[in-house]
Structure formats: structure tokens, C-alpha cells
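What the coordinates show
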There are 2 protein chains.
Amino acid sequence: MRSIEVCLSPELIHLHDLSEKIVVVIDVLRATSCITTAIAHGVESITPFSNLEDCRAMKAKGYFIAGERNGATVEGFDFGNSPFSYMKEELVGEKIAITTTNGTTAINKSLGASDVIIGSFLNIQSVVNYLKNQEHNALLFCSGWKGRVSLEDTLCAGSIVSSLKDSFQTDGDTTIAAEALIAAANNHLVSFLQGSSHVERLKKLDIQKDVDFCLTPNQYDVVPILKAGELVDLGAA
Amino acid sequence: MRSIEVCLSPELIHLHDLSEKIVVVIDVLRATSCITTAIAHGVESITPFSNLEDCRAMKAKGYFIAGERNGATVEGFDFGNSPFSYMKEELVGEKIAITTTNGTTAINKSLGASDVIIGSFLNIQSVVNYLKNQEHNALLFCSGWKGRVSLEDTLCAGSIVSSLKDSFQTDGDTTIAAEALIAAANNHLVSFLQGSSHVERLKKLDIQKDVDFCLTPNQYDVVPILKAGELVDLGAA
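Only a predicted model underlies this, so the values are computations on that prediction, with no experimental measurement involved. Sequence order sets the numbering: in each chain, residues are counted from 1 along the sequence as written. Naming scheme: in the order in which they are written, chains are lettered from A and ligands are numbered from 1. In view of the model being predicted, local features appear only for residues whose pLDDT reaches at least 70, and side-chain atom pairs are presented and counted only at 80 or more, with totals across whole chains, interfaces and linings using the full set of residues. The side-chain numbers reported here are obtained from all heavy atoms of the structure, hydrogens and water having been left aside.

Further remarks concern the interface of chain A and chain B. Residues are treated as being in contact if the distance between any of their heavy atoms lies within 4.5 Å. Taken together, the contact pairs 26 residues of chain A with 26 residues of chain B. By definition, the buried area sums, over both parts, the 1.4 Å-probe accessible area that each loses when the two are put together. Around 2,000 Å² of area is buried between chain A and chain B when both sides are counted, 64% of it from carbon and sulfur atoms. Summed over the three residues of chain A that lose the most area to chain B, namely Leu15(A), Arg148(A) and Asp173(A), the buried surface amounts to 30% of that side. Salt bridges, as used here, are contacts in which a Lys or Arg side-chain nitrogen is within 4 Å of a carboxyl oxygen on Asp or Glu. Applying the counting criterion to the chain A and chain B interface returns zero salt bridges. Each polar contact in these results corresponds to two N or O atoms within 3.5 Å; when the atoms are within protein, one needs to be able to donate a hydrogen and the other to accept it, and residues that are neighboring in sequence are counted only if both atoms are side-chain atoms. Applying the counting criterion to the chain A and chain B interface returns six residue pairs in polar contact (both at pLDDT 80 or more). Per the convention used, a helix needs a DSSP run of H or I reaching at least four residues, while a strand needs a run of E reaching at least two, with both numbered from the N terminus. Of all elements in the fold, only α5 (151-164), α6 (173-185) and α8 (197-204) of chain A reach the threshold of two or more residues within the side of chain A that touches chain B. With six residues, α6(A) is the largest single contributor of residues to the side of chain A that touches chain B. The nonpolar class holds Ala, Val, Leu, Ile, Met, Phe, Trp, Tyr, Cys and Pro. Asp, Glu, Lys and Arg form the charged class, and all remaining residues, Gly among them, are polar. Its residues assigned to classes, the side of chain A that touches chain B comprises ten nonpolar, ten polar and six charged.

Residue and element names in this part refer to chain B. Exposed residues in this analysis have more than 50% of their type's maximum accessible area, buried residues have under 20%, and partly exposed residues fall in between, with area computed by a 1.4 Å probe over protein chains only. Within strand β6 (residues 95-99), four of the five residues are buried, leaving the element largely enclosed by the surrounding structure. DSSP calls a pair of strands paired once it identifies at least 2 bridges connecting them. With four bridges connecting them, strand β3 (residues 45-48) and β6 associate as parallel partners. Across the sheet, residue Ser 45 finds its bridge partner in β6, namely Lys 95. Bridge count between strand β4 (residues 64-69) and β6: four bridges; the pairing is parallel. Opposite Phe 64, over in β6, you have Ile 96 as the bridge partner.

In this section: the nonpolar core. In a soluble, globular protein the nonpolar side chains are often hidden away together inside. Counting 156 residues, the largest nonpolar core has Leu131(A) and Leu131(B) as the members making the most contacts within it. Sequence-distant contacts of Leu131(A), defined by excluding residues within four places in its chain, comprise Arg2(A), Ile22(A), Val24(A), Ala138(A), Leu140(A), Ile160(A), Leu164(A) and Phe168(A). Only buried residues count toward a nonpolar core, which is a set of Ala, Val, Leu, Ile, Met, Phe, Trp, Tyr and Cys residues joined through side-chain atoms within 4.5 Å.

Quick look at the side chain of Thr32(B) now. Residues and elements named next belong to chain B. For Thr 32, the position within the fold is in helix α1 (residues 31-40). Only 2.8 Å separates the side chain of Thr 32 from the backbone nitrogen of Asp 27, close enough to count as a polar contact. Here Gly 119 takes part through its backbone oxygen, which lies 2.7 Å from a polar atom of the side chain of Thr 32. Non-local contacts of Thr 32, meaning those with residues more than four positions away in its chain, are made with Val 25, Ile 26, Asp 27, Ile 118, Gly 119 and Ser 120.

All right, on to empty space enclosed by the protein then. Rolled over the atoms, a probe with the dimensions of a water molecule shows which regions are left empty. The pocket and cavity definitions rest on a 1 Å grid over protein atoms only: a 1.4 Å probe that fits but cannot leave marks a cavity, an open set with protein on both sides within 12 Å along at least five of seven lines marks a pocket, and residues lining either have an atom within 4 Å of a point. Grid points are joined across faces, edges and corners, and a volume is the space filled by probe spheres set on the points. Counted under the stated rule, the structure contains three cavities of 30 Å³ or more. Around the largest cavity sit 17 residues that line it, and Leu8(A), Ala177(A), Leu181(A), Leu8(B) and Leu181(B) are the ones nearest its centre. At the level of secondary structure, the elements contributing two or more residues to the lining of the largest cavity comprise α5 and α6 of chain A together with α5 (151-164) and α6 (173-185) of chain B. By residue number, the principal contributor to the lining of the largest cavity is α6(A), which donates four residues. Grouping the amino acids of the lining of the largest cavity by side-chain chemistry returns eleven nonpolar, five polar and one charged. By volume, the second largest cavity is sized at about 50 Å³. When its residues are assigned to classes, the lining of the second largest cavity shows three nonpolar, five polar and three charged.

Let's shift gears to the packing of aromatic side chains. Centre-to-centre distance and the angle between the planes together describe a pair of aromatic rings. Two rings from Phe, Tyr or Trp (for Trp, the six-membered ring) form a pair when their centres are within 6.5 Å of each other. A pair whose planes differ by under 30 degrees is stacked, one over 60 is edge-to-face, and the rest are tilted. Scanning all chains against the criterion turns up eight aromatic pairs over all chains. An angle of 20 degrees between the planes, with centres 6.3 Å apart, marks the rings of Phe64(B) and Phe79(B) as stacked. Of the two residues, Phe64(B) is situated in strand β4 and Phe79(B) in the loop between β5 (72-73) and β6; the sequence distance between them amounts to 15 residues. When the centroid spacing of 5.2 Å and the interplanar angle of 45 degrees are considered together, the rings of Phe84(B) and Phe213(B) count as tilted. Of the two residues, Phe84(B) is situated in the loop between β5 and β6 and Phe213(B) in helix α9 (residues 208-214); the sequence distance between them amounts to 129 residues. Judged by relative accessible area, which is 13%, Phe213(B) ranks as buried. Among the aromatic residues, ring-to-ring pairing joins Phe64(A), Phe79(A) and Tyr86(A) into one connected group. Any Lys NZ or Arg CZ that is within 6 Å of a ring centre and within 35 degrees of that ring's normal is treated as a charge sitting over the ring. Taking the ring centre of Phe84(A) as reference, the NZ or CZ of Lys209(A) above it sits at 4.3 Å.

Have a look at this one:
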């Protein structure tokens, strides 16, 4: 039986062997929710950058540039990390370069995996279906917040584990923990997350609308996948 | 109100500020359970070493030496990491030097804290009472397994958080997660931990008796505390 494991932070990813695994990068608030939204709305590709200036330089190459640090849009960038920014008609068929505080770092730390895909509550069932139909073991990689563990990413991972336990064997204590946490949240995600550090942080930025949207399962039936450094629609890849 | 936070792994401790905090090191299976047992049974002091050879060298200075790697006793050491080894009459009033795979590393990574104490299920109520009666913020530091998160340490931390929530404000998502996990375990620790990686590992070493004992709350009313590099009984310190 294939195995599924959960890594809770980019600071712990070196303890996992990525080879021959499908890595699902999860940054619910908000990078992987944005990437999912963008691909679902017809963006051609999204290229992740860890470094702000590398990302900014893509503007000259005809990319839209998205930059977020500490929850806010970086000056001079076309947009930040709100999923609603990625639903625009003008972005259909375009390329985006993106850098965020946590999510893009996690994507770049996933190199070496068999495949890297993007997971969020917004496309959770599509991710589950994709993993079921592949032959590889799966590693759910939670982006966290500056190395710290985030509850919302852990819950998203737990929900994926829970949906896959008939086809995958859980590997490791964090996998058991994530599954127990989503069971404890019992479909009351928003109330369970009240008091979580990231939700508190985003409340201060007045983006409750983003939070509510990012916690809504199955808005989109897409799986963004990393191909030659760009995230593209699996269906089109 | 004072705050309480949980660090899930020695690989994440650099993300926490230890200054002016009481750090509770937790390594349920089995280092902090052994240290608690030893102090409760009259051992004078336990000196933690990260390095095996530094620990071995203490034999010549009249110490009993305890060495564990990968769950097993290291050759040439007086004993390993079973709490039952520390209940012997011959150890009363003696000094022990100890090195273990995870727990002693966590203790040595706690330097810089206001105080470092030892927590386990065996002395959990004593730890709770001590934290209540101090003025400092608390950081519960789970030792994990070779950097990975361990469920049993997380559950012990969650149980401490749960007992202190009237006097402390929870700080961080791992604190919320640990508390939710102990609530999910609902006093059925042993069955909840079935399938956890450490319990599986120890089963292979045939030490179910150790596991059962280490998961039993409130066997001892002692708080080992680090003073000048040695763990001693708080009551005697």
C-alpha cells in the first residue's frame, strides 16, 4: 500500500525523503489558494520565486508580478496574496511571477520530488482524486508561517489524509495528528481556527473575506502542477 | 496574563525566544520519564550530555552513566533509557550522567531560558502546579524523535496547556493543536498512540512495560530542575 506523510513546516522538510514522492504544497492562507484560483480562472502559468527582486525582474519579461511579505502586498507589485486578485479577465492566458512569505519557499524546497502539485481547501477533492490515481507515495507539505507550524495548513493536510486512508497507509506521527485535528474541527473550520495565529494576523489586515473564501472546500476542479519551474493546469500540462 | 506556547521539535526551537521563560522539556518515551523517576527515587543529580563520549567519561568521576541511542542501551553504559532502571536502592544519593537520542539534546538547546524543568506524564500535575506558582511565561518543548514531531510529547504538552488555560493565554497554533489533540485522545492515551511511530519503534524493542508506565499520569510529585548543568529535585534545590 502506498504511504502518505505530513511535513508541518519548511524547517522540517530536510527530515523527509522527497524522491519518488508526489509533494502537495499547502499554504491555505493564502499562496496555494491564490495559485489554485489563478489557474482555475485561466492564468496560463505561475512561476514561484523565493526572492523578491528575482520576482520583480520578471515584470520586464511581460509577466504580471505578485508579491507578498508579512501578509501585505509589496510596493511596486501588480498584486499581493488575495485570491480575489486572481479572478480578473485581464489575466486569462497570461503568465504571473509570484513571491510570498511562506508558500513559494515551500514550493522551492520541494524540488527533488517526483511531482510537485498545489493543494488548498479550494481544490481539495481534485488533489485527493489525483493522488488516488497515481502510483507514488504522497507527502503533504505544510508551508506554515516563517517556519512555524500553521493550524490551517495542518487541517488541510489532515483533511486530505482522512479522504485517502482507504488507499494510503499513514506514515509518521504528524500524519496521525493532522487527521485527528481535522476530525476535532468537525467541519467547523472557521470557528476552530478562531484564535489561530495566522487568522489573528490576517484579521488585523482586514481580509476576513479572503480567509472565509480560502477555507471553503471544493470551489475549483483544478490541480496546479510544477512543470519546468512553472505551475500550470494539470489538465493542460 | 502569562502566555504558554508549545515547540514541537528541537529543529524548531530557534523560532522561539527562550529568554524570561520557563522551559519544560518533554520526552515522554523515555528520557524525561526516566529523569523524573530517578529524582523521585532519590538520585542526587542527573547531568545531561548530548555527546556519547563526554557522557562515558563521567564514569571515571564516580558517576553512574546512562546511554541510549535509537531506543537501545549503548554498550559499556550502566543502563539505558528504561524508567525501571532508575528505581534501584544503589542509586539513592548518587550522581548520574545521561545521554539519549532526543531528550538530552532538547535540554541542551534550552539554555538561555529563565529556568529549565523536566516534564512527563509521571509528574504532570507537579509541573502544572509549579508553572502556576511562577511569574514567567512558559514554553513546553517537545523533544520528538531525531527532529521529527512525536505524538506522545505533543499530547503531554497539550495536557499541560489544558490544565493551565485559566492562568495562561495560549500562544501560537501548535499550542491550540496540542490542546485539541489531548482532548481528542480523551484519556485514552494508550489506544490513541497505537500506530504512533515511537510506540511502533519501542514495540520492536519489547518494552511495552516502559511505554505503559511512561503514559501513566501522576506517579511522582517531583519537579527536576536544571541548576548549574545538573538536574536536581526542585524541592532540594
